[in-house]
Amino acid sequence: MIPFPPRSAIDYRDGKIRFIDQRYLPGRLEIIETDDFRVVAKAIKTLAIRGAPLIGVAAAFAVASYARIVVDHPDAVKRLITSIEILRATRPTAVNLFNSLAIMQLALESAPVEALVSTLEYAAIAIHDDDRNRCELIAAAGLPLVPADARIVTICNTGFLATAGIGTALGVITKAFDAGKVSEVFALETRPLLQGARLTAWELIQSNIPATLLVDGAAASLLKRGGIDLAIIGADRIAANGDTANKIGSLQLALACSKFGVPFYVAAPFTTFDSGTASGEQIEIEERVATEVTHFAGKESAPPGIAVYNPAFDVVDAGLITAFVTDRGLFKPHYSF
Ligand code: MRU
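What counts as what
Residues numbered from 1 in each chain as written. Predicted model: local features only at pLDDT ≥ 70, side-chain atom pairs only at ≥ 80, totals over all residues. Heavy atoms only, no water. Domains from an automatic or database assignment. Contact = heavy atoms within 4.5 Å. Buried area = accessible area lost by both parts, 1.4 Å probe. Salt bridge = Lys/Arg side-chain N within 4 Å of Asp/Glu carboxyl O. Polar contact = N/O pair within 3.5 Å; in protein donor to acceptor, adjacent residues only side chain to side chain. Helix = DSSP H or I, 4+ residues; strand = E, 2+ residues; numbered from the N terminus. 1 Å grid on protein atoms, 1.4 Å probe; cavity = no way out; pocket = protein on both sides within 12 Å on 5 of 7 lines; lining within 4 Å. Points joined across faces, edges and corners; volume = space filled by probe spheres on them. Nonpolar A, V, L, I, M, F, W, Y, C, P; charged D, E, K, R; others polar.

Novice: Help me understand the domain arrangement of the protein in this model?
Specialist: When the parts come together, some accessible area is lost, and that loss is often what is quoted as the size of the interface. For the protein, the assigned domains read domain 1 (10-136) and domain 2 (141-331). Taking only C-alpha atoms into account, the centre of domain 1 sits 25 Å from that of domain 2. Counting from both sides, the interface comprises 30 residues of domain 1 and, opposite them, 34 residues of domain 2. Carbon and sulfur atoms make up 54% of the surface buried where domain 1 meets domain 2, a total of about 2,600 Å² over both sides. Considering only the surface of domain 1 that becomes buried against domain 2, R50, T93 and R134 emerge as the three largest contributors, covering 25% of it. Summed over the shared surface of domain 1 and domain 2, the result is three salt bridges. Among the salt bridges present, the one from E286 reaches R91, with a minimum N-O distance of 2.8 Å. Run the count over domain 1 and domain 2 and you get 18 residue pairs in polar contact (both at pLDDT 80 or more). The leading source of residues in the side of domain 1 that touches domain 2 is helix α5 (residues 116-142), at seven residues.

Here is the structure:
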């Protein structure tokens, strides 16, 4: 275990991006420093950098740092556009990535030639700081929803490792704990890449929040047993009708909450709301490689030749969501701008 980790998953200084390679947590705290947008693109693809808001921030920093490298090249703008396209193709589901890169492209297209680097760096830092601030507002909005001595269940990782700030769902939990309102947090392990077991459990332990880890399949029995006050999760994309894409297993958790009468909240910044996507059916769900399921800790755990279904996300129907907890306050589905 790493005793005193940084409370930030990413930073940008002097043209260099520094990020935690999350694939090695909790065993090893590996910090990567790079000014190569391709390294960042690969990190997003491989989930070394992950979480909807964080991948948006990382992609923005990657474009800014590349600007320093190509600024004197006659093809600088063209090269930067190519870098944006490559970063855009890394993961399809979280809308934050596309929103951040649209901002970077706008900044690129409107930047005076002599201020290319400063304009792109300013835009990227603004995206980072904006997300950090939104996390604080989400936590403030969510605090009143948490009753005294709350027992809360969550899935995946939505804390500082997934954002530029204290997190979304985990930010609400952390603020509520600091306010003395949380007695126990149940973290679903989040198969197959274990963001719950490796990352959320790690963040909870670091914050001294009483926490229990359980396999995803135990969620329904936990809720049936009773004594859980609420579920709160993050989001990768929220369609115009409120349907919400989030880590695979979220739908199962929402269905179990509905069955057993437990409020089910989605905490997300407005940068995750996608008014251009009508409903969950239009959200592209990333399918990941079979080996994430057929292998465990690098060892084969299923017979060769078995077919695999490995969607990284699922869509929680708007009707299963009690409320959205956002940086602009609480919204009921259907939300309205
Ligand atoms: O595949 P990941 O680890 O990037 O998936 C992350 C999630 O599903 C999170 O719940 C979501 O991005 C919200 S993070 C604040």
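Novice: What's the story with the layout of surface pockets in this structure? I'm lost.
Specialist: Unfilled space is identified by rolling a water-sized probe across the atoms. If you add up the space inside the largest pocket, you get close to 420 Å³. What lines the largest pocket is a set of 18 residues, among which P192, L193, R198, E292 and A297 lie closest to the centre. Counting only elements with at least two residues in the lining of the largest pocket, the list comes to α7 (195-206), α10 (291-294) and β12 (295-296). Of the residues belonging to the lining of the largest pocket, the class tally is seven nonpolar, five polar and six charged. For the lining of the largest pocket, the two domains that each supply at least three residues are domain 1 (10-136) and domain 2 (141-331). If you go around the second largest pocket, you meet 13 residues; those closest to its centre are S100, I103, I127, D130 and T271. Those elements giving two or more residues to the lining of the second largest pocket turn out to be α2 (52-70), α4 (95-110) and α5.

Novice: Sorry, what's going on with empty space enclosed by the protein here?
Specialist: Taken as a whole and judged by the stated rule, the model has two cavities of 30 Å³ or more. In this structure, the largest cavity spans a volume of roughly 200 Å³. If you go around the largest cavity, you meet 24 residues; those closest to its centre are R50, G51, A52, N157 and D236. Mapped by element, the contributors of at least two residues to the lining of the largest cavity are α2 and β9 (244-247). Examining the composition of the lining of the largest cavity, we find that three residues originate from one element, α2, more than from any other. Taken together, the residues of the lining of the largest cavity sort by class into eleven nonpolar, nine polar and four charged. Structurally, the lining of the largest cavity is a two-domain feature, drawing no fewer than three residues from each of domain 1 (10-136) and domain 2 (141-331).

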